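Structure at a glance
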Amino acid sequence: MSARRDDVPTASGVDERVAAADWARVSQDLDAQGCAVIEGFLARTECDDLAALYARDELFRSRVVMERHGFGRGEYKYFARPLPALIASLRTSIYPRLVPVANRWSAAMGLEVQYPEEHARFVERCHAAGQVQPTPLLLQYGEGDYNCLHQDLYGEHVFPLQVAVLLSEPERDFAGGELVMTEQRPRMQSRPMVVPLRQGDAAVFAVRHRPVQGARGVYRVNVRHGVSRVRSGHRRTVGIIFHDAA
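Quick caveat: nothing in here was measured; it's all calculated off a predicted structure. (Residues numbered from 1 in each chain as written. Predicted model: local features only at pLDDT ≥ 70, side-chain atom pairs only at ≥ 80, totals over all residues. Heavy atoms only, no water.)

On to helix α3 (residues 44-52), then. Burial in α3 covers these residues: Glu46, Cys47, Leu50 and Ala51. Axial view of α3: buried residues confined to an arc of 130°, hence all on one face. In α3, the exposed positions angled more than 90 degrees off the buried face are occupied by Arg44 and Thr45. Considering only its buried residues, α3 is in contact with α1 (14-20), α5 (85-108), β5 (137-141), β7 (161-166) and β15 (235-241). (Buried < 20%, exposed > 50% of the residue type's maximum accessible area, 1.4 Å probe, protein only. Helix = DSSP H or I, 4+ residues; strand = E, 2+ residues; numbered from the N terminus. Arc of directions from axis to C-beta. Contact = heavy atoms within 4.5 Å.)

Spelled out as structure tokens, the structure:
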């Protein structure tokens with residue numbers, strides 16, 4: 001039986017909302033910190049509607065219980081195709097806004113890969129290499145849950161930026177559970193970062209590595225992200241990853 005998708009969140013106004021974001025500021029923050037926040041990117045009703053999808057098993061292709069794999073505590077589910085309209089529209093509308101950063105970073109780090117302007121063409125590249133599974137996901141955390149530092153790599157082809165939108169409201173729905181990042185710098189100690197978010201805020205951040213200007217030129221730093229321990233309540237997040245999985 002096919003999944004019912006007539007009652008999932010719609011994609012109304014996504015293109016206009018994405019266009020209205022300050023992508024010049026996002027680009028600057030990504031270059032400076034490897035992360036940028038777009039405040040109020042999704043409305044509260046959209047966040048609540050997306051969070052409610054977690055109970056709809058027919059919308060997902062797999063469920064991962066983190067503790068079973070040593071990933072932390074909590075769980076997440078990968079959406080199946082066809083993706084819900086709001087998720088699909090966010091993926092295709094945000095991607096071209098990040099391509100200039102992705103290509104600039106690639107050139108700065110001396111990498112040969114360049115990314116096409118349209119997401120559909122990049123997905124074709126993934127599929128030709130056997131990466132055919134969609135990667136957008138919903139994550140769910142309860143009291144005591146956390147996500148170990150990691151990188152979302154699923155095959156040879158990796159888009160260097162991803163987006164996470166917090167669907168729950170801190171201090172109302174949960175306490176703790178901050179988005180955290182670390183940068184491992186050559187011959188230096190790692191740099192930690194905490195990214196404060198409210199419900200509906202979108203965090204754009206590096207997937208694997210990014211270029212940093214040093215005294216002797218550009219060097220590459222490895223980036224990992226995770227979630228600190230949730231002290232109480234429940235936290236849900238939607239993740240928008242632009243490369244598909246093998």
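Next, the rest of the story.
Quick look at the packing of aromatic side chains now. As enumerated under the stated definition, the model contains 11 aromatic pairs in all. Between the aromatic rings of tyrosine 54 and phenylalanine 60, the centroid separation amounts to 6.2 Å while the plane-to-plane angle is 55°, which identifies the pairing as tilted. Both residues of the pair, tyrosine 54 and phenylalanine 60, count as buried. Plain terms: the ring middles of phenylalanine 60 and phenylalanine 79 are 4.7 Å apart, the flat faces sit at 25° to each other, and that makes the pair stacked. (Phe/Tyr/Trp six-rings, centres within 6.5 Å; stacked < 30°, edge-to-face > 60°.)

Within the protein chain, residue pLDDT values average 94, and 96% of them lie at 70 or more. In this model, residues 1-6 is a region of pLDDT below 50 whose contacts with residues beyond four sequence positions or in other chains number 12 contacts. (pLDDT = per-residue confidence, 0-100.)

It is worth spelling out the nonpolar core at this point. Of all hydrophobic cores here, the largest spans 71 residues; its most connected members are Leu30, Ile94, Leu98, Phe159, Val163 and Leu167. The greatest single-element share of this core, amounting to 10 residues, is contributed by α5. Ignoring sequence-local partners within four residues, the contact set of phenylalanine 159 consists of Tyr95, Leu98, Val99, Ala102, Tyr115, Phe122, Val207, Phe242 and His243. (Core = buried A, V, L, I, M, F, W, Y, C linked by side-chain atoms within 4.5 Å.)

The strands making up a sheet are joined through hydrogen bonds of the backbone, oriented either antiparallel or parallel. One open sheet accounts for seven strands, arranged β1-β11-β7-β15-β5-β4-β2; its pairing is antiparallel. The two strands at the open ends of the sheet, each matched to only one other strand, are β1 (35-38) and β2 (60-65). Pairwise comparison of adjacent strand axes, ignoring direction, gives a mean angle of 20° for this sheet. In terms of strand pairing, β7 meets β15 through five bridges, oriented antiparallel. Note on β15: the bridge partner recorded for valine 163 is isoleucine 240. (Pairing = 2+ DSSP bridges. Axes fitted to C-alpha atoms, helices over the stretch in contact; angles between N-to-C directions.)

What follows concerns the pairing of strand β9 (residues 179-184). For β9, the buried fraction is high: five of the six residues fall into the buried class. Relative to strand β10 (residues 191-195), β9 is paired through five bridges, and the arrangement is antiparallel. Directly across from leucine 179, in β10, lies its bridge partner valine 195. The loop that links β9 with its antiparallel partner β10 comprises six residues; one of these, arginine 187, has a positive phi angle of about 60°. In the sheet, β9 pairs with strand β13 (residues 217-227) via six bridges, with the strands oriented antiparallel.

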